[in-house]
Structure formats: C-alpha cells, structure tokens
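Summary of the model geometry
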Amino acid sequence: MDETSKRFFTEARRVIPGGVNSPVRACRNVDSEPLFIAKAAGCRLTDADGREYIDFVLSWGPMILGHAEPSVTAALHAAIERGTSYGAPCPDEVALAEEICAALPGVEMIRMVNSGTEAAMSALRLARGVTGRDKVVKFVGCYHGHADPFLAAAGSGVATFAIPGTPGIPAAVTADTLLVPYNDIDAARECFAAHGAQTAAVIVEPVAANMGLVPPVPGFLETLRSLSREHGALLIFDEVITGFRAAYGGAQERFGIAPDLTVLGKIIGGGLPVGAFGGKKEYMEQVAPDGPVYQAGTLSGNPLAMAAGLAALRKLKSLDYQELERRTQAFAAELGHILRSKGVAVRTPSLSSMFGIFFTDRDVRNMDDTRRCDQRRFTDFYKQMRARGIYLAPSAFETGMTSFAHREKDFADTLDAARAIVFDC
Ligand SMILES: *Cc1c(COP(=O)(O)O)cnc(C)c1O
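1. Side note on the packing of aromatic side chains
Scanning all chains against the criterion turns up 17 aromatic pairs. Here Phe56 and Phe411 contribute two aromatic rings whose centre-to-centre distance is 6.4 Å and whose plane-to-plane angle is 40°, an arrangement assigned as tilted. Here the residue Phe56 occupies a position in the loop between strand 3 (52-55) and helix 2 (70-81), and Phe411 occupies one in helix 14 (residues 408-419), the gap between them amounting to 355 residues. The exposure class of Phe411 is buried, given its relative accessible area of 3%. Relative to Tyr321, the ring of Tyr248 has its centre 6.3 Å away and its plane inclined at 80°; by these criteria the two rings are edge-to-face. Of this pair, Tyr248 sits in the loop between strand 9 (234-238) and helix 8 (250-255) while Tyr321 sits in helix 11 (residues 321-340); the two residues are 73 residues apart in sequence, bridging distant segments of the chain. Assessed through its relative accessible area of 14%, Tyr248 is described here as buried. Pairwise contacts between aromatic rings join Phe56, Phe331, Phe355 and Phe411 into one cluster.

This is the structure:
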C-alpha cells in the first residue's frame, strides 16, 4: 500500500539521519514509517503512492488556510519573478511587520528570522541583554525550538534546576533554565520567590500545544504577567503555533494579556520558512543596529517568504475564526463521543482550530498528565486512522490542527473513519 514511500524511506535512511529532516516525522512513536508526500491541496495530501489523506497536521501548524491556497500561490508566483533573495530591505517585509504589529497587542516592533527556533533563541538573548540577568523560567512540556537553553530535561516538582535533555549541550548552558510544571500557579510563585531577582524572563506557550493540547487554567497566564512585572523579568509568549491561530491576534488577543516579547513562526510564513520575534518598542530598540544586542540573518526577510506570509495574513483577516472554532469543537466532541462508545477512555479537548486526543479518563493539565495517557492505544488509533486515509500527527504529544479548507464533509469522513475503528485492547 505504501510501497513507494517505503522505497524512498530506505534510500533516505542511507543519506539522512533516520531518513528525516526533523525527528518526529520518522513516525517511530507510533510504530510506523513516514509517508512521502507528492503534493497537497486544500486539506488533502497525496502521497508518493497516489493515496489521498485528510490532513490534520498541516505542516505542524502553518497551513491554516489549507495547502496551495490560491492567493498565497499567486503571491509567490509574482514574487519569484522578481528574484528570490536580495540581502537588502524589500517592501513586503515592512508590510508584513505592519500587519503583525497591528494584530498583536504586545508587539510594537518586530524582527524577522528564519525559524521559530531562531526567534525563541533571539528573544531570550534580548531579554537577558535588557535585564542584565541570566535565568529563564520555562514550563515542563513546552517546546520553544531546539536552541540549547530550552532543551532541558523535564524535572518534576518545583523549579528543578535543569540538566540538558540531549547530548551536545554543556550543563552550564541549561544551568540557568528553571523548570516549572505547566499550569502550576503555586510552583511559579515559589520559583519567582526564590529566583526572581536573577530571572531575565519567563517563557511560555500561552496555550500548550507540544504536549498534546493543554489550555491554560484560569489565572495561570495572569499570574505570570503579574509575577514577571513584580520581579522585573520579561514575559515572553511563544506564539509560534497560537499566533494567528488561537485568534487572529494570537493568544494574547484571546486572553487579553500583553506579553513583553512575542515569538512567532509557522503561520506568518504562509508555508515558507519564517520566524519572528517582537515586542514593546523599549525592548526591541535594544536589538542591533539600534541597540547593543546582536542578531542577524543572511536570508531574514526573504522576499518569497514575506510575500507568502503577507498574502496569508491578508486572507486570514477576512475569515471567520469563530466559525472554524465551532466546527473544530463539534468535531472534537463527536470524535470523543464515538471513541467512548467503544468503551475507550478518551479526552478530546479543543481550542480555536486545535484539538487533542488523550487516551485517559482524567483532565490533562500538564506534562505528567500527558505522560500517563495510554500510548499503545494512541498507536493503535493512529495506524487505523491512517489506513483509512486520515493523516494525524504521529505522536500523542502533538496537537491536531484544522484549517479553513476543512469542510463539513471532511470532518464527517474523518468521523466515519473513527466509527470503523476496532480497538484490540
Ligand atoms: C514549532 C515550534 C517552535 C519551533 O519552530 P521551528 O520553526 O520548528 O524552529 C517553537 N515554539 C513552538 C511553540 C513551536 O510549536
């Protein structure tokens, strides 16, 4: 069935570590091999064997308009005729910056980079530069890309000093990363009480979407806002996923909390490689060449990426986020209903155009809760859905994504696939 994909994967493993350019794509968590994708349009992917799938990964978030959206494709065609990189300012980067600053309450100025990783890394450097402090508070299970200071092992309990979560990172680099459980208001308070004076920043996914989907409990984000202010640390929202997804103006608009710095990526590139970090003017003016905090990039503000991002945001501005949220919510609720009717314990939370699938009978509020979910059952579910043409993230630690290209029929077909599942345990 997946013969061509299997052949490509065999070749790939000879020349690319694990056969993939980003680890989770290898599908090892779910005891599977990756599908090689030949093309995509709307909410559908076509693999190298010509089979079609309804896509709930959406390139891990960027494709909220669906694949090959006509206005984005047209903007890219036009841009490519004008040359693909100048290494000099171009008009679209100003337009995109203006669009983002107008949309996000916490962003007055913005600097473009090439990935979310680069954006998070640069935002932390800026926070350290402006505060003259070194420590950063990070939440267990939140992902901020693969820069050294963020790859700290998930310690349990209150504010564990972090040890590196991968070989290749000097312990000294993560020694200043303080880990706190997500949604744990008391632990955050204790952490600031002990380390507030040395803390440059607290960084958080305002809606956690890298441990499954875990929304913030009431008061969590508010507490981070007041604690950081009280202790002179910067509040950084990592909105790489939630920016232009939790609402057009991101989680900061949705929850009415303006962070000091914001990290962006994914949707703002319209499917091309882009990241950005922005925030209040007084901080962003500390970035070179206005200020002393160095940051640079040969391909930053790339004209193709800017054209795609700008076209995507302009299109998104005209669309009905609440309608997509309603459809996603109804879909996730019905999915949970169907699976429970088979005698399986499952929670299917949703927020905006994101949903989670947790095989557990308890609410999931943090990484410990996620880890307790039934991984074997998730693998069984994943494989059966994929065999029926439904493309889900190959890990229980990822979030399901919906797009404006998912129509009622696509959701209905997906629910039919779920109805046909037979659990073996
Ligand atoms: C994807 C992601 C990143 C990293 O972005 P890359 O472009 O993969 O480097 C950072 N933070 C969050 C919340 C993400 O989901």
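2. As for the domain arrangement of the protein
As assigned here, the protein comprises domain 1 (3-68 + 320-419) and domain 2 (70-316). Contacts between the two partners involve 32 residues from domain 1 and, on the opposite side, 33 residues from domain 2. Both faces considered, domain 1 and domain 2 share a buried interface measuring about 2,500 Å² in area, 63% of it formed by carbon and sulfur atoms. The largest contributions to the domain 1 side of the interface with domain 2 come from Tyr321, Leu351 and Arg365, which together make up 24% of the buried area. In this structure, the connection of domain 1 to domain 2 is made through one salt bridge. Between Arg254 and Glu325 there is a salt bridge, with its nearest N and O atoms 2.8 Å apart. Viewed at the interface, domain 2 and domain 1 are joined by 13 residue pairs in polar contact (both at pLDDT 80 or more). Those elements that place two or more of their residues in the side of domain 1 that touches domain 2 are helix 11, strand 12 (350-351), strand 13 (354-355) and helix 12 (367-371). No other element matches the three residues that helix 12 contributes to the side of domain 1 that touches domain 2.

3. Some thoughts on the sheet that holds strand 13
Taken together, three strands build an open sheet; the order of strands is 12-13-15 and the sheet is antiparallel. In this open sheet, the two edge strands, each paired with only one partner strand, are strand 12 and strand 15 (400-401). Here strand 12 pairs with strand 13 via two bridges, running antiparallel. Residue pairing in the sheet places Leu351 in a bridge with Met354 of strand 13.

4. Topic: the sheet that holds strand 14 (residues 390-391)
Spatial ordering of the open sheet is given by 1-2-3-14, a layout of four strands whose pairing is mixed. Strands at the two margins of the open sheet, each flanked by one partner only, are strand 1 (37-41) and strand 14. Strand direction decides the pairing type here: strand 2 (residues 44-47) and strand 3, joined by three bridges, are antiparallel. Of the residues in strand 3, the one forming a bridge with Arg44 is Ile54.

5. Structural notes on the pairing of strand 8 (residues 199-204)
For strand 8, a buried count of six out of six residues is recorded, marking the element as mostly surrounded by other parts of the structure. Sheet topology note: the strand 5 (residues 135-140)/strand 8 ladder contains four bridges and is parallel. The partner of Lys138 across the bridge, within strand 8, is Ile203. In the sheet, strand 8 pairs with strand 9 via four bridges, with the strands oriented parallel. Residue pairing for strand 9: Val204 is matched across the bridge by Phe237. For the crossover that starts at strand 8, traverses helix 7 (residues 220-231) and ends in the parallel strand 9, the hand is right-handed.

6. Concerning the nonpolar core
Ranked by size, the top nonpolar core spans 33 residues in total, and within it Val137, Phe139, Tyr182, Val204, Phe220 and Leu224 carry the most contacts. Looking at this core, the elements with two or more residues in it are strand 5, strand 7 (177-181), helix 6 (185-195), strand 8, helix 7 and strand 9. Here this core takes five residues from helix 6, the largest share from any one element. Here this core spans two domains, and each of domain 1 (3-68 + 320-419) and domain 2 (70-316) adds at least three residues to it. Aside from chain neighbours lying at most four places away, what touches Phe220 is Phe139, Tyr182, Asn183, Asp184, Ile185 and Val204. Membership of the second largest hydrophobic core comes to 31 residues, among which are Ala308, Leu310, Ala312 and Tyr321.

7. Remarks on helix 3 (residues 91-103)
Counted at 1.5 Å a residue, the expected span for helix 3 with its 13 residues is 18 Å, and the 19 Å between its end C-alpha atoms agrees. The set of residues buried in helix 3 consists of Glu93, Ala95, Leu96, Ala97, Glu99, Ile100 and Ala103. Each element contacted by the buried residues of helix 3 is listed here: strand 4 (109-113), helix 8, strand 10 (261-265) and helix 10 (303-317).

Conventions used here
Each chain has its residues counted from 1, following the order in which its sequence is written. Under the rules for a predicted model, residues below a pLDDT of 70 receive no local features and side-chain atom pairs below 80 are neither given nor counted, while totals for whole chains, interfaces and linings still include all residues. Side-chain measures were taken over the full set of non-hydrogen atoms in the model, leaving aside hydrogen atoms and water. Aromatic rings from Phe, Tyr and Trp, with only the six-membered ring used for Trp, were paired whenever their centres fell within 6.5 Å, and each pair was classed as stacked if the ring planes differed by under 30 degrees, edge-to-face if by over 60, and tilted otherwise. Labels follow the DSSP assignment, with helices taken as runs of H or I lasting at least four residues and strands as runs of E lasting at least two, numbered in each case from the N terminus. Buried means the residue's accessible area, taken with a 1.4 Å probe over protein chains only, is under 20% of the maximum for its type, while exposed means over 50%, and partly exposed covers the values in between. Domain ranges listed in this record stem from an automatic or a database domain assignment. In this description, contact between two residues means that some pair of their heavy atoms is separated by no more than 4.5 Å. Values labelled buried area give the accessible surface lost by two parts on being combined, using a 1.4 Å probe and summing over both. One speaks of a salt bridge when a side-chain nitrogen belonging to Lys or Arg is within 4 Å of a carboxyl oxygen belonging to Asp or Glu. Nitrogen and oxygen atoms within 3.5 Å of one another constitute a polar contact, given that in protein one can donate a hydrogen and the other can accept it, and given that sequence-neighbouring residues count only through two side-chain atoms. Between any two strands, pairing holds if DSSP finds at least two bridges. Here a crossover is taken to be right-handed if, once the strands point away from the viewer, the path from the first strand over the helix to the second is traced clockwise. Among buried residues, the Ala, Val, Leu, Ile, Met, Phe, Trp, Tyr and Cys ones that are joined through side-chain atoms within 4.5 Å form a nonpolar core. To estimate how far a helix should extend, the number of its residues minus one is multiplied by 1.5 Å.

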